[in-house]
Amino acid sequence: MSDPATPPRSLAEALRARDDASLAVLLRSRPDLITPVPTDLTQLATRAGTRASVVRALERLDRCALQTAEALAVAPDPATYDELLGLMAGDEGDPVVVAALPHALGTLREQALVWGADDRLRLVRTARELLAPSPQHPSPTGLGPTVQEATAGMSPGRIQEIVTTAGLPSTHDAVSAVASLTALFADRRRMAALLADASEESREVLSRLVWGPPYGQVTADPAPRLRWLLDRGLLLPTAPGTVVLPREVALHLRAGRAHRTTEPLPPPVEAAATHRPQVVDSTAAGQAYTALATVEELLKDWHEGGPAVLRAGGLSVRDLKRTAVALDVSEPLAAFWVELAYAAGLLASDGEADERYAATPAYDEWLEQPAPQRWALLAQAWLTATRTAGVVGGRDAKDRTLSALGPGLDRSAAPEVRHRVLTLLAGLPEGASPSPDSVLARLRWERPLRGPQRDDDLRGRLARWTLSEAEMLGVTGRGALSAHGRALLGAPRPEPAAQAEEQPAGPGDKLPVHHRPTPPPEPLSPAEQATASAAAARLLAPLLPEPLDHVLLQADLTAVAPGPLRRPLADMLGVLADVESKGGATVYRFTPGSVRRALDAGRTASDLHAFLAEHSRTPVPQPLAYLIDDVARRHGHLRVGAASAYVRCDDDSVLNEILADKRAAGLRLRRLAPTVLATQADPAALLEGLRAMGFAPAAESAEGDVLITRADAHRTPPRTAPEPVPDGPPTPDATLLAAAIRAIRAGDLASTTPRKPSGTAPAVTGGELPRTTSAETLATMQAAVLTGEALWIGYVNAEGAASQRVIAPVRVEGGFVTAYDHTADEVRTYPLHRITGVAELADDQT
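Since this is a predicted model, take the numbers as computed values, not measurements.

Next up on the list: helix α27 (residues 567-576). Among the ten residues in α27, seven count as buried, and that is most of the element. Within α27, the full set of buried residues consists of R567, L569, A570, M572, L573, V575 and L576. The inward-facing, buried residues of α27 contact α16 (277-301), α19 (361-368), α20 (371-384), β15 (586-589), α28 (592-600) and α29 (605-615).

What follows is the structure, given as structure tokens:
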């Protein structure tokens, strides 16, 4: 183990000096570091410095921490805390930056992006390479190379000319000349005196380059204003026709700041409007009820088999348009509802040869649940789904159109953004709806865009979609988070603003409480999410209207449902009548086609009369009774079967009427007998054609029985909801973290524990695995069993992975050694032939 009083010489030594709690913070914030678990702390440090891991860690920094890392990338290596503070707060020492910097630096240290004491701060090498300025990859700070870097290819004579012209004494070599010039540019007083002699035109040139980009173009014969700057090294040539403003000069002109605007504090989420909490909750409850009705209507429309699945997967544009018309919504909204039903496991493809979308068996179970529980399932599915309906209609990387229910809709950041947006809403006072721009600004501060991502602000688009989708789903009402939406997040009720302002700051924290950067909330575990969903359902239940068991029949062949209907009544009425309008009350219209649909489902006229009489608060109107009797009298008079298809009727005059009708020409009917017509069309097409002509045919089986068709006849086989696509490795839980840290510590002990010298060989402290012969290994093991000493071994497992272990042998027999493994903290048995070698530990380690 390293001495805590000795400054660390590497990231591995810095990690070795951490306690278990600090390592747990690191591994929780960067879960890719334990996938798989490193063998020791040296391997952990190596993995923490890989490009992929560093890029991922930088992308998850807030703006203040990222700006701190960018400042360290242009600071000397190593840098002192005062040098870093100067780059962040400037010569004037912005007090807000001064107060925020310890927190930002602590974040970088926690995530192993910075190591070393305050007098020797080091940014990990990969992060410095990513953030340091270069001609190919400009720094976000807008700074250019240092004087030393810019003069690397310059002739010593030219460097001496610059030094002399700048008023400095000539030196005996280029290195000292560059150092002298650097010292001049870093001295605020002397630089001010030098620039005082510059013309207004020369200072204007510097002002155009000071905040970046620092590169400019010059001709072979520069103008006097440029020549004055070039002669004194205030501009340095980097290539023919190109000059650069040295970093030290730019920092002087910026008053020491690395960034034009330092953003130490997260922008507050501003309230655009405030409503009474009761209004918010009731509005959200109304939206929740509409969401349930919309999903039911969608699945009811696809009861008998929905649209066909495209060959590449997904829903065709034509079918999406038809669905939008059926739901009376726009196509983007139809895509949202379709994707929501799919994410909740209520909709899937049936897997048949002619593959189509249909409701799943889970849909029937969902319908039997109370409305609050049904809403909670939809809301939870939306909150955790990675499928994003907002990208439907866009293009993928291969320029193919993204279709609803198709591949390529997963956006792994979606759950995090939804949760974060709703959490920001939860931090506002009850009833306050946020300004969308302030929400987007806060998200951009928490996850600043870097590099090519600036052209595609996915998180911003996800945030906008979240605000609109939460409103449609009833999580929010009038833009404010509802009480049941807050419960769905597992968030507590907000404290009054006055109380929040009066809370004391934490130790060493001088930032106002309402401005302190807060880490993203930890995702809820499945058990916690189930509890939160149940709590949300309980809060929503009193706000939803009670289902009714009656309707109001009217003489114009309509029925009015003054509220939601109970399940059996709603199902039957949905078959017997067509929905004419929706809203606070639903209006159903009875038509010959809708009555025939009920008769096709196996109901008789007497059944329908009894049903209406039982569930109507008004007498059954005579026109409706006549309509039912008239359709029932003609229903089944014609029978359609398979010939390809045939029509039979006891009344040959009806068949004569069909044959004489011009609309039947497309069916190509021919008479086989006085009471039978045949056609090459299939039975479904024949049924549809005859119904379009005004007849009421019934389908029959091969045995001559009338076929009863039910609306819920077609279901997919059991299907599970689509699994969210994770955004990298999942965050480890406490049990996994503890086991991983214990394994890493033990492996590090095995690799760093001093060993006794073997013969004339010196003692080793790690590196290569020990190598001994089989006889030496066996003899050493047997001796250790008698003495109880611990040994250091090299071991290769069945997969060929090599590791170092510290063991205390207990028994050696049958080609195996049974020992207490200090690395795994348990008793294990090892085949002797897989042990590469063995060495005794030094006396002070046993």
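Mapped onto the secondary structure, A664 falls in the loop between α31 (652-660) and β18 (670-673). Along the primary structure A664 and A692 are separated by 28 residues, whereas in three dimensions their C-alpha atoms are 9.9 Å apart. When near neighbours in sequence (up to four residues on either side) are disregarded, A664 contacts I658, L669 and M693.

With that out of the way, let us pick up the confidence of the model for the protein chain. When pLDDT is averaged across the protein chain, the result is 85; 90% of the residues are at 70 or more. Mean pLDDT across the elements of the protein chain ranges from a minimum in helix α25 (residues 497-502), with 38, to a maximum in helix α18 (residues 331-343), with 96. Ignoring residues within four places in sequence, the model shows residues 497-516, a span with pLDDT below 50, making 21 contacts including any to other chains. The low-confidence segment residues 759-766, where pLDDT is below 50, has 15 contacts with residues more than four positions distant or belonging to other chains.

Our focus in this paragraph is unusual backbone geometry. The amide bond that connects T35 to the next residue, P36, takes the cis arrangement and shows omega of 0°. You can see P36 is positioned in the loop between α2 (20-29) and α3 (41-48). Along the chain, D77 connects to P78 via a cis peptide bond; the corresponding omega equals 0°. With respect to the helices, strands and loops of the structure, P78 is situated in the loop between α5 (63-73) and α6 (81-89). Positive phi outside glycine occurs at A112, with the angle close to 60°. As for its position among the elements, A112 is in the loop between α7 (95-110) and β1 (114-115). Looking at A112, the relative accessible area reads 0%, which means it is buried.

Okay, the sheet that holds strand β13 (residues 558-561) next. Remark on secondary structure: sheet strands pair via backbone hydrogen bonds, oriented parallel or antiparallel. One open sheet holds the four strands; their spatial order is β12-β13-β15-β14, and the pairing between them is antiparallel. The outermost strands of the open sheet, each flanked by one partner alone, are β12 (552-554) and β14 (578-581). Neighbouring strand axes in the sheet, compared pairwise and without regard to direction, differ in orientation by 30° on average. The sheet contact formed by β14 and β15 spans three bridges and is antiparallel. For D578, the partnering residue across the bridge sits in β15 and is R589.

Pairing between side chains of opposite charge can happen when their charged atoms approach one another. Under the counting rule described, the total for this entry stands at 36 salt bridges. Among the ionic pairs, E416 bridges to R459, the shortest N-O distance being 3.6 Å. Of the two residues, E416 is situated in helix α21 (residues 414-426) and R459 in helix α23 (residues 458-473); the sequence distance between them amounts to 43 residues. Among the charged side chains, a salt-bridge network with shared partners connects R158, E161, R227 and D231.

So, on to helix α34 (residues 774-787). Taking 1.5 Å per residue, 14 residues should reach 20 Å; α34 reaches 20 Å between its end C-alpha atoms and fits that length. Within the sequence span of α34, burial applies to T777, M781 and A784. Buried residues in α34, looked at end-on, bunch into an arc of 65°, giving them a common side. In α34, the exposed positions that point more than 90 degrees away from the buried face belong to A775, L786 and T787.

Another aspect to go through is the pairing of strand β21 (residues 791-796). Counting buried positions along β21 yields five of six residues, so the element is predominantly enclosed. Examined bridge by bridge, β21 and strand β22 (residues 802-813) share six bridges and lie antiparallel to one another. Each bridged residue has a counterpart across the sheet, and for G794 the counterpart in β22 is Q804. Between β21 and β22, which pair antiparallel one after the other, the connecting turn spans five residues, and G800 there sits at a positive phi close to 90°. Where β21 and strand β25 (residues 835-840) come together, five bridges link them in antiparallel fashion. Each bridged residue has a counterpart across the sheet, and for W792 the counterpart in β25 is A839.

What counts, and at which threshold
- Residues numbered from 1 in each chain as written.
- Predicted model: local features only at pLDDT ≥ 70, side-chain atom pairs only at ≥ 80, totals over all residues.
- Heavy atoms only, no water.
- Buried < 20%, exposed > 50% of the residue type's maximum accessible area, 1.4 Å probe, protein only.
- Helix = DSSP H or I, 4+ residues; strand = E, 2+ residues; numbered from the N terminus.
- Contact = heavy atoms within 4.5 Å.
- pLDDT = per-residue confidence, 0-100.
- Pairing = 2+ DSSP bridges.
- Axes fitted to C-alpha atoms, helices over the stretch in contact; angles between N-to-C directions.
- Salt bridge = Lys/Arg side-chain N within 4 Å of Asp/Glu carboxyl O.
- Expected span 1.5 Å × (residues − 1).
- Arc of directions from axis to C-beta.

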